[in-house]
Amino acid sequence: MSIAWYPGHMAKTRNRHQSMLKSIDVILWMVDARAPFSTLDPTLKKTFNNKPFLIVINKKDLVKASYLDAVKARFAEQGMPAVMIRAYKAQDVKALIKTAERMQSNRRKIGGLRVSILGVPNTGKSTLINQLAGKSTQPVANTPGITKALRWVETPYGSILDTPGILWPKIEDVEVGLKMAILGSIKDTMIPYGAAIDLLMDRLYTHPESKLKALYPGLEPLAILEKIAVDEGFKTAHSFDEMALYQRLLKDYRSGHFGKVPLDD
Ligand SMILES: Nc1nc2c(ncn2[C@@H]2O[C@H](COP(=O)(O)OP(=O)(O)OP(=O)(O)O)[C@@H](O)[C@H]2O)c(=O)[nH]1
Ligand SMILES: [Mg+2]
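Please read all numbers here as calculations on a predicted model, not as lab measurements. (Residues numbered from 1 in each chain as written. Chains lettered and ligands numbered in written order. Predicted model: local features only at pLDDT ≥ 70, side-chain atom pairs only at ≥ 80, totals over all residues. Heavy atoms only, no water.)

Asks: Which residues make up the sheet that holds strand 4 (residues 114-119), and what values do they have?
Replies: In spatial order, the strands read 3-2-1-4-6-5; together these six strands make up an open sheet with mixed pairing. Looking at which strands have only one partner, the edges of the open sheet turn out to be strand 3 (82-85) and strand 5 (151-155). Ignoring strand direction, the axes of neighbouring strands in this sheet form an average angle of 30 degrees. Across four bridges, strand 2 (residues 53-58) lies against strand 3 in parallel orientation. (Pairing = 2+ DSSP bridges. Helix = DSSP H or I, 4+ residues; strand = E, 2+ residues; numbered from the N terminus. Axes fitted to C-alpha atoms, helices over the stretch in contact; angles between N-to-C directions.)

Asks: I'd like a rundown of the coordination of the magnesium ion (ligand 2), residues and numbers included.
Replies: Around the magnesium ion (ligand 2), the protein supplies Ser126 (OG) and Thr147 (OG1) as donor atoms, at distances of 2.0 to 2.2 Å. Of this pair, serine 126 sits in helix 4 (residues 125-133) while threonine 147 sits in the loop between helix 4 and strand 5; the two residues are 21 residues apart in sequence, bridging distant segments of the chain. For threonine 147, a relative accessible area of 10% translates into the label buried. (Donors = N, O, S within 2.8 Å, 3.2 Å for Na, K, Ca; no water. Buried < 20%, exposed > 50% of the residue type's maximum accessible area, 1.4 Å probe, protein only.)

Asks: Hey, could you go over the site of ligand 1 for me, with residue numbers and the actual values?
Replies: If you check the shell around ligand 1, you find 23 residues, and the closest are Asp61, Lys125, Thr127, Ile146 and Thr147. Residue alanine 141 places a main-chain N or O atom 3.3 Å away from an oxygen atom belonging to ligand 1. Between ligand 1 and isoleucine 146 there is a distance of 2.9 Å, counted from an oxygen atom to a backbone nitrogen or oxygen. Look at ligand 1: alone it shows 660 Å² of surface, and the protein chains cover 88% of it. The cavity where ligand 1 resides is the largest pocket. A total of three residues in the shell around ligand 1 trace back to one element, the largest contributor, which is helix 4. (Near = heavy atom within 4 Å. Polar contact = N/O pair within 3.5 Å; in protein donor to acceptor, adjacent residues only side chain to side chain. Areas by Shrake-Rupley, 256 points an atom, 1.4 Å probe, with all protein chains shown as cover. 1 Å grid on protein atoms, 1.4 Å probe; cavity = no way out; pocket = protein on both sides within 12 Å on 5 of 7 lines; lining within 4 Å. Sits in = over half its atoms within 2 Å of the grid points.)

Asks: Give me unusual backbone geometry: which residues, what numbers.
Replies: Backbone geometry at asparagine 50 places phi at a positive 65 degrees, although glycine is not the residue there. Located in the positive-phi region is asparagine 122, a residue other than glycine, with phi close to 75 degrees.

Asks: Give a detailed account of the layout of surface pockets, specifying residues and quantitative values.
Replies: The space that makes up the largest pocket amounts to roughly 430 Å³. Every residue lining the largest pocket is counted, 28 residues in all, and those nearest its centre are Lys59, Asn122, Thr123, Gly124 and Thr127. Broken down by element, the residue count for the lining of the largest pocket peaks at three residues, all from helix 4. Of the residues contributing to the lining of the largest pocket, the split by class is ten nonpolar, twelve polar and six charged. (Points joined across faces, edges and corners; volume = space filled by probe spheres on them. Nonpolar A, V, L, I, M, F, W, Y, C, P; charged D, E, K, R; others polar.)

Asks: Requested: an account of the pairing of strand 1 (residues 26-32), with residues and values cited.
Replies: Within strand 1, seven of the seven residues are buried, which leaves it mostly tucked inside the rest of the structure. Neither face of strand 1 is exposed, since Val26, Leu28, Met30 and Asp32 on one face and Ile27, Trp29 and Val31 on the opposite face are all buried. Bridge count for strand 1 against strand 2 is six bridges, and the pairing is parallel. Residue valine 31 lies in a different strand from strand 2, and its bridge partner there is isoleucine 57.

Asks: A description of helix 3 (residues 90-103) should follow, citing residues and the corresponding values.
Replies: Because an α-helix packs 3.6 residues into every turn, residues spaced three or four apart end up facing the same way. With 14 residues, helix 3 should cover 20 Å at 1.5 Å per step; its first-to-last C-alpha distance of 20 Å lies within 8% of that length. Within helix 3, burial applies to Asp92, Val93, Leu96, Ile97, Thr99 and Ala100. An end-on view of helix 3 places all buried positions within 160 degrees of arc, on one side of the element. Along helix 3, the residues that are exposed and aim more than 90 degrees away from the buried face are Gln91, Lys98 and Arg102. Against strand 1, strand 2, strand 3, strand 4, helix 4 and strand 6 (158-162) lie the buried residues of helix 3. (Expected span 1.5 Å × (residues − 1). Arc of directions from axis to C-beta. Contact = heavy atoms within 4.5 Å.)

Here it is in structure tokens:
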């Protein structure tokens, strides 16, 4: 089983971004702090043609700082600079722009900063742009595929190119696909719910930062699922709405209800 959700606009975005490189100083490559390695599209870097890029680890509020320090060190070992932010925080995004400015080549400094933001769906690209623009120019929502077209947005900090979230054509690693499904980077109707919930429950049951065991003391994962289903009315003597149970679990994980539990080690 692998995830095959690669709408036409994703291929188009990839190509159009590459054709616009001449007018871009620095590429901001956004990943999700809860799965910074799995949400890094391995096929993207070669399309940058040596343009400077910065990995932007967004949603840092959802994991511990010590985890992200280790992540950043691992990226650094691969020669990839990274910063951690909360896209809705003015101070974080201003610091990010400062870093991008330092990466801009001198020759180009006259015209002001021009950066693009790329990344898998739902990582917070448009949220960052709205914060820089000081207003909601770009639609934002906690579901993938919100931004539909590439668009330059003028901000006091420079011109920022918003792009639709992109996946890669063949996500070979099943776990990578499942993690992106858990994080909301894959369209709801394409999520293999059973496998995604298995992975999530396993993670929540074993990770030291997880509150799952404290919330449901003495219960094994299956018994916990059963308890939530009954308590929430998803399961009765006559019916079992599995989908409602799965969607509730994903929603609770995404909101941080179970603690600061990353999906990548
Ligand atoms: N907790 C947390 N949530 C964030 C942060 N930044 C953005 N979000 C949320 O993430 C969701 C996706 O944000 P968007 O800005 O629409 O993401 P996007 O990358 O533009 O998504 P697409 O256009 O679909 O590719 C929204 O619910 C945001 O509120 C952050 O720093 N922390
Ligand atoms: Mg967007």
